[in-house]
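Structural overview
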Amino acid sequence: MAAAGGGAPAEAPPAATGAAAATATTAAESGAVLQREPLYNWQATKGSLRERFAFLFSNELLSDVHFVVGKGGPRGGGAGGAPPGPGQQRIPAHRFVLAAGSAVFDAMFNGGMATTSAEIELPDVEPAAFLALLRFLYSDEVQIWF
């Protein structure tokens, strides 16, 4: 595996103490969801905006949209927020980051026919490919596997 972009991967923040401003749930690329301690002043642990945005990649913290990607059976109940079906993955994202990095996402969220849905289903997109696109938009890094 080779990484382009010259940055180190985002690291998990240390456990927070004191009052928490938000609780973060990080979605690992494997599809597992990890519950984290409440976060307080997480921004101070990151030295640059690039590191802060990379930290938000696939992270519930401050997310305002979710993508359900991959083919699979019917989702539990079929309603928004229902657990993904087999072969699907629910990925948290941030409209601002996506719109800033892509004219297509900008049109999707801010154009004349913008969606206001908090959950967007993309059944014809492989989860790994979508995560690679999001990683690029959040961190300006591309990972290439051979």
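In case you missed it, the structure is sitting above this.
Residues numbered from 1 in each chain as written. Predicted model: local features only at pLDDT ≥ 70, side-chain atom pairs only at ≥ 80, totals over all residues. Heavy atoms only, no water.

Focus on the sheet that holds strand β6 (residues 119-122)
- In spatial order, the strands read β5-β4-β6; together these 3 strands make up an open sheet with mixed pairing. Each having just a single partner strand, β5 (89-93) and β6 make up the two edges of the open sheet. Adjacent strand axes in the sheet meet at a mean angle of 25 degrees when their direction is disregarded.
- Pairing analysis gives 5 bridges linking strand β4 (residues 65-69) to β5, with the strands arranged antiparallel. Pairing of Val 65 across the sheet is with Ala 93, part of β5.
- Across the sheet, helix α4 (residues 127-139) lies against β4, β5 and β6, angled at about 10 degrees from β5, the strand it touches most. (Pairing = 2+ DSSP bridges. Helix = DSSP H or I, 4+ residues; strand = E, 2+ residues; numbered from the N terminus. Axes fitted to C-alpha atoms, helices over the stretch in contact; angles between N-to-C directions. Contact = heavy atoms within 4.5 Å.)

A closer look at unusual backbone geometry
- Despite not being glycine, Asn 41 shows a phi value in the positive range, around 60 degrees.
- Its location among the elements puts Asn 41 in the loop between β3 (33-39) and α1 (49-56).
- Residues other than glycine seldom take positive phi values, yet Asp 140 does so here, at roughly 60 degrees.
- In this structure, Asp 140 sits in the loop between α4 and β7 (142-144).

Some remarks on the nonpolar core
- Of all hydrophobic cores here, the largest spans 22 residues; its most connected members are Phe 67, Leu 98, Phe 105, Phe 109, Phe 130, Leu 134 and Tyr 138.
- At the level of secondary structure, the elements contributing two or more residues to this core comprise α1, β4, β5, α2 (95-101), α3 (103-110), β6 and α4.
- The greatest single-element share of this core, amounting to 5 residues, is contributed by α4.
- If sequence neighbours within four positions are ignored, Phe 67 has contacts with Gln 89, Arg 90, Ile 91, Ala 93, Leu 98, Phe 105, Phe 109, Ile 120, Leu 122 and Phe 130. (Core = buried A, V, L, I, M, F, W, Y, C linked by side-chain atoms within 4.5 Å. Buried < 20%, exposed > 50% of the residue type's maximum accessible area, 1.4 Å probe, protein only.)

With respect to α1
- By the burial criterion, the buried members of α1 are Ala 54, Phe 55 and Leu 56.
- Backbone geometry just after α1 places Ser 58 at a positive phi near 55 degrees.

Observations concerning the packing of aromatic side chains
- For the structure shown, the criterion picks out 5 aromatic pairs.
- Taking 5.9 Å as the distance between ring centres and 70 degrees as the angle between the ring planes, the aromatic pair formed by Phe 67 and Phe 105 counts as edge-to-face. Placement of Phe 67 in strand β4 and of Phe 105 in helix α3 is noted, with a sequence separation of 38 residues between them. Like Phe 67, the residue Phe 105 is buried in the burial classification.
- Pairing Phe 105 with Phe 109 gives two aromatic rings, centres 6.1 Å apart and planes at 10 degrees, and the pair type is stacked. Linking Phe 105 with Phe 109, this pair stays in helix α3, spanning 4 residues, or about one helical turn. Per residue, the accessibility class of Phe 105 equals that of Phe 109, and both read buried. (Phe/Tyr/Trp six-rings, centres within 6.5 Å; stacked < 30°, edge-to-face > 60°.)

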